[in-house]
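Residues per chain are reported as follows:
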Amino acid sequence: MESHGRDELKGPVLHIVVVGFHHKKGCQVEFSYPPLMPDEGHDSNLMPEEWKYLPFLALPDGAHNYQEDTVYFHLPPLSGDMKCVYGVSCYRQIEAKALKVRQADVTRETVQKSVCVLSRVPLYGLLQAKLQLITHAYFEEKDFSQISILKELYEHMNGSLRGSALEGSQVYLGLSPRDLILHFRHKVLILFKLILLEKKVLFYVSPVNRLVGALMTVLSLFPGMIEHGLMDSSHYRPKSSVSEDLSLVESVSGAEEFVSVSVTDITLEGEEPVLPTAESLSSGNSTEGDNHLLKPPSRSSPESSESDWETLDPSVLEESPPKDAAEEKEAGSELKDAFDSKPGTPITVQPQSASGQGGVVQGLVSGLEEDQYGLPLPIFTKGYLCLPYMALQQHHLLSDVTVRGFVAGATNILFRQQRHLSDAVIDVEEGSIQIQDPELRKILSLTTADLRFADYLVKHVTENRDDVFLDGTGWEGGDEWIRAQFTLYLHSLLSSALQQDNERLLADYGAPFVSVWKISHNYRVWYSNKHPAMAAITPGHPFQGQYSVADVKLRLSHSVQNSERGKKIGNAMMTTSRSVVQTGKVVGQSVGGALTSAKSAMSSWFSTLAQPAAVSPPAYPEPAVEAKP
């Protein structure tokens, strides 16, 4: 607590750093205020060993292809510090001949530099907005030795951001779920469930600002994740993980150690989810030699995954709701099924905002600041990393045995080519999700209720989009509305998981998905604590209900858009129709003229034939007419 108080006195911004590209040394720190190393000067190139990748993160790979770019990145905490360091970098390049003061080491035609802010608070968009203005002014000086503006930036940011609450529009500035849904459509829900399973997810696109924007927007759909859920997301150094274990509360340290060991073992395989049996869970040992336990019988039944908790401390099992309360919730869900003639109705009830939930408290097991529902879920803890941008020098983290999973972004093609290191590759440019493992694709396949939910979001987002004055201004279909729907979706999923005899409730979320999710680290930690506010959440999928013809159409449309065979058929139909249209135009222009000339020739020929025929018949009847009288 004392260190936390000292942090507040220091302010949210740790350092202002300038990173440049040297023609011989490569990317290097050229200036830092305050100095990155306490005993060094502002112009020192030295930096802490934990931050040795800082120059490569601030000045991204392939930056020379763009005049300017923005990067979000995470740095591991220094020794004695328990929180992630959030970095925002603004990159620009300028022609060397335009500089007023050209230093001796400037030998290329262009000068590439980045100005970055290292902060304790995840205010990505707000920091970016301020930093872009200062970076522009810094480059307009055309003299990079003028560093007074950077010192003023440090003082200004600490003065304006000190004491600001991590809530509301400040946190989500620049992150638009509307644009994400317009681009990925129903696949946004697949991304959401993919991260819930704590898989190895790699985002890929250039430039970096598109990459980090898409990745962080997906994370913003998880309630409280950006505000409080990323504090341990960059703990990938062994000494950081050790210090993290020591900081946990003694009373739950044993349970936390069990959770971390078992889940790490589960996700070591990468592509196939490993579901340990109760015997392997109780031992708490590594399952390296138990790779044959990829598909145990416990997978098909949610009850058996709950029975795994019998090996834990009895106090954990006391967290389950009383039987009578569970029966009341189940009766309520049955009543809801009876009157659920319109699947879209329940979602119109909006969940409360984070600010109206009575604040946040420190989680005993997760170590994160949680609301009364136990959110954010402790996904990015215990070796599950969030790296909005990964430099090529960090490539080894993808195969590091201490890293059980990640949500990372990359612009280098080498990351995408080595698909065996990731469970899913998200191509932001194409809006596609590439999953090699067929079993994982089956687990993530959307149910009918999920498709209704996704279709409901897409329809509301695209509504009134053609009206430039109304686009994005209303509540329904807006960014906050979309986040509220995902909050309701997650609340309902958690509430359904707490019910006894909940197979029917969880079937709407996908039984294979729920079975794998229940052995994930985030669910086990969440389940081990009491969350009395969950009693007010109605269990069951927000879009549960009877099947209809509209569901069949929705399923067919989803299959055509999402499956490989459907994509090939769709592309073939598009190509064929386009070819027919183009061929018709060409034929109409070339052959049409020939047909017209042929038609005119034929008509003229018929006219020549018709003329003697019209003249000759009267020649024969004329004698008969004369002989008749």
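All residue numbers here refer to positions counted from 1 along the written sequence of the relevant chain. For a predicted model such as this one, the threshold for reporting local features is a pLDDT of at least 70, and the threshold for listing and counting side-chain atom pairs is 80 or more; totals across whole chains, interfaces and linings nevertheless cover every residue. Where side-chain values are given, they derive from all heavy atoms of the structure, hydrogens and water being excluded.

A. Expanded view of the overall build of the chain. Secondary structure elements follow DSSP: runs of H or I of four or more residues count as helices, runs of E of two or more count as strands, with numbering from the N terminus. Across its full length, the chain carries 24 helices and 12 strands. What makes two residues a contact is simply this: any of their non-hydrogen atoms within 4.5 Å. At a minimum sequence separation of 6, the contacts of the chain that also span at least 24 residues come to 71%. Where accessible areas are quoted, they stem from the Shrake-Rupley method and a 1.4 Å probe; at the residue level, only the protein chains shown are allowed to cover. Here the chain has roughly 29700 Å² of accessible surface; of this, 56% comes from carbon and sulfur atoms.

B. Structural view of the packing of aromatic side chains. Pairing of aromatic rings covers Phe, Tyr and Trp, the last counted by its six-membered ring, and requires centre-to-centre distances within 6.5 Å; plane angles under 30 degrees mean stacked, over 60 mean edge-to-face, and any other angle means tilted. Applying the stated criterion across every chain, the model contains 20 aromatic pairs. Where Tyr523 meets Trp526, the ring centres are 6.3 Å apart and the plane angle is 35°; that geometry is what we call tilted. Remark: Trp526 and Tyr523 occur in helix H21 (residues 521-527); sequence separation between them is three residues, near one turn of the helix. Joined through ring pairs, the aromatic side chains of Phe192, Phe222, Phe453, Tyr456, Trp481, Phe486, Tyr489, Tyr509 and Phe543 make up one cluster. Cation over ring: Lys113 sits above Phe144, and NZ or CZ is 5.0 Å from the ring centre. Put simply, a charge is over a ring when the Lys NZ or the Arg CZ is close to the ring centre, within 6 Å, and near the line of the ring normal, within 35 degrees.

C. Broad picture of unusual backbone geometry. Following Tyr33, the chain continues into Pro34 via a peptide bond in cis, with omega recorded as -10°. Along the chain, Pro34 falls in the loop between strand E2 (26-33) and helix H2 (54-58). The phi dihedral of Lys142 falls on the positive side, at around 55°, and the residue is not glycine. Relative to the helices and strands, Lys142 resides in the loop between helix H3 (124-140) and helix H4 (148-161). The classification of residues rests on relative accessible area computed with a 1.4 Å probe and restricted to protein chains. Under 20% of the type maximum is buried, over 50% is exposed, and intermediate values are partly exposed. For Lys142, a relative accessible area of 22% puts it in the partly exposed group. For Glu198, which is not glycine, the phi torsion reads 60° and is therefore positive. Position of Glu198 among the secondary structure elements: in the loop between helix H6 (187-196) and strand E6 (200-204). Given the relative accessible area of 2%, Glu198 is considered buried.

D. Structural detail: the state of the cysteines. Disulfide: a pair of cysteine sulfur atoms within 2.5 Å of each other. Summed over the entire model, instances satisfying the criterion amount to zero disulfides. The thiol sulfur of Cys116 is not disulfide-bonded, and the nearest other cysteine sulfur, from Cys90, lies at 9.3 Å.

E. Seen up close, the packing of helix H5 (residues 177-184) against H6. Running from N to C, H5 and H6 cross one another at 110°; their axes reach a closest spacing of 8 Å. The angle between H5 and H6 places the two elements in the roughly perpendicular class. Of the residues in H6, those touching H5 at Leu180, Ile181 and Phe184 are Lys187, Val188 and Leu191. Fitted lines through C-alpha atoms give the axes, limited to the stretch in contact for helices. The angle between two N-to-C directions lies from 0 to 180 degrees. Note that the term roughly parallel is reserved for angles under 35 degrees, roughly antiparallel for angles over 145, roughly perpendicular for angles of 65 to 115, and oblique for everything else.

F. Region of interest: the sheet that holds strand E5 (residues 110-119). By this definition, two strands are paired if DSSP reports at least two bridges between them. The strand order E2-E1-E5-E4-E3 describes an open sheet built from five strands, whose pairing is antiparallel. The open sheet has two edge strands with one neighbour each: E2 and strand E3 (68-75). Along the sheet, successive strands turn relative to each other by an average axial angle of 25°, direction set aside. Taken together, the eight bridges between E3 and strand E4 (residues 85-95) define a ladder with antiparallel strand orientation. Among the inter-strand pairings, Phe73 is bridged to a residue of E4, identified as Gly87.

G. Looking closely at the sheet that holds strand E12 (residues 432-435). Pairing in this open sheet of five strands is mixed, and the strands run E9-E10-E6-E11-E12 from one edge to the other. If you trace the sheet from one side to the other, it starts and ends with strand E9 (384-387) and E12, each paired once. Going across the sheet, the axis of each strand differs from the next one's by a mean of 15°, ignoring polarity. Relative to strand E10 (residues 405-410), E9 is paired through four bridges, and the arrangement is parallel. Opposite Leu387, over in E10, you have Ala408 as the bridge partner. Where H6 meets the sheet, it contacts E6, E9, E10, strand E11 (424-427) and E12, and its direction lies at approximately 45° from that of E12. Relative to the sheet, helix H7 (residues 208-219) contacts E6, E9 and E10, its axis offset from that of E10 by approximately 150°.

H. How the structure looks around the environment of Ile537. Secondary-structure assignment places Ile537 in the loop between H21 and helix H22 (549-562). Taking the C-alpha atoms as reference, Ile537 lies 6.6 Å from Ser492; in sequence the two are 45 residues apart. Discounting chain neighbours no more than four positions away, the residues touching Ile537 are Tyr373, His491, Ser492 and Ser495.

I. Local environment of the pattern of salt bridges. Salt bridges, as used here, are contacts in which a Lys or Arg side-chain nitrogen is within 4 Å of a carboxyl oxygen on Asp or Glu. Here the structure, examined in full by the defined rule, presents 10 salt bridges. Ionic pairing is found between Lys97 and Glu95, a salt bridge with its closest N-O pair at 3.8 Å. Note on Glu95: relative accessible area 44%, which makes it partly exposed. With a shortest N-O distance of 2.6 Å, Glu429 and Arg210 are connected by a salt bridge. Of this pair, Glu429 sits in the loop between E11 and E12 while Arg210 is found in helix H7, placing the two residues 219 residues apart along the sequence. Take Glu429: its relative accessible area is 47%, and that puts it in the partly exposed class.

J. Fine view of the confidence of the model for the chain. Per residue, pLDDT captures the predictor's confidence, and it can take any value from 0 to 100. With 63% of its residues at a pLDDT of 70 or more, the chain shows a mean pLDDT of 75. Between residues 238-357, whose pLDDT stays under 50, and residues either more than four places distant or in other chains, the model counts 178 contacts. Every residue in residues 608-629 is under pLDDT 50, and counting partners more than four places away or in other chains gives one contact.

K. Broad picture of a nonpolar patch on the surface. Patch members must show over 30% relative accessible area and no salt bridge, and they are joined within 9 Å when carrying like charges or within 5 Å when they are nonpolar side chains of Val, Leu, Ile, Met, Phe, Trp or Tyr. The grouping of Leu392, Ile413 and Leu414 at the surface amounts to a nonpolar patch, some 220 Å² of accessible area in total. Relative to the helices and strands, Ile413 is located in helix H15 (residues 413-417).

L. Representation of the side chain of Ser422 within the structure. For Ser422, the position within the fold is in the loop between H15 and E11. By relative accessible area, Ser422 is classed as buried at 3%. Every residue in contact with Ser422, bar those within four places of it in the chain, is listed here: Lys200, Leu202 and Phe406.

M. Region of interest: the packing of helix H17 (residues 448-462) against helix H18 (residues 479-498). At a closest axis distance of 11 Å, the pairing of H17 and H18 adopts a crossing angle of 170°. Taken together, H17 and H18 sit at an angle that is classed as roughly antiparallel. Across the interface between the two elements, Asp450, Phe453, Tyr456, Leu457, His460 and Val461 from H17 touch Trp481, Ile482, Gln485, Phe486 and Tyr489 from H18. Each residue is assigned to one of three groups, with Ala, Val, Leu, Ile, Met, Phe, Trp, Tyr, Cys and Pro labelled nonpolar, Asp, Glu, Lys and Arg labelled charged, and all others, Gly among them, labelled polar. Across the contact of H17 with H18, the residue classes break down as eight nonpolar, two polar and one charged.

N. Examining H18 more closely. Expected helix span is computed as 1.5 Å times (number of residues minus one). With 20 residues, H18 extends 29 Å between its outermost C-alpha atoms, agreeing within 8% with the 28 Å of an ideal straight helix rising 1.5 Å per residue. Most of H18 is tucked away: 18 of the 20 residues are buried.

O. Summary view of the nonpolar core. As used here, the term nonpolar core means buried Ala, Val, Leu, Ile, Met, Phe, Trp, Tyr and Cys residues forming a set that is joined through side-chain atoms within 4.5 Å. Judged by nonpolar contacts, the single largest core of 147 residues is most densely connected at Leu118, Leu196, Phe203 and Phe380. Ranked by residues supplied to this core, first place goes to H18 with nine residues. With near-sequence residues (within four places) excluded, Phe203 lies in contact with Leu191, Leu211, Leu215, Val218, Val407, Ala408, Gly409, Ala410, Ile426 and Val428.

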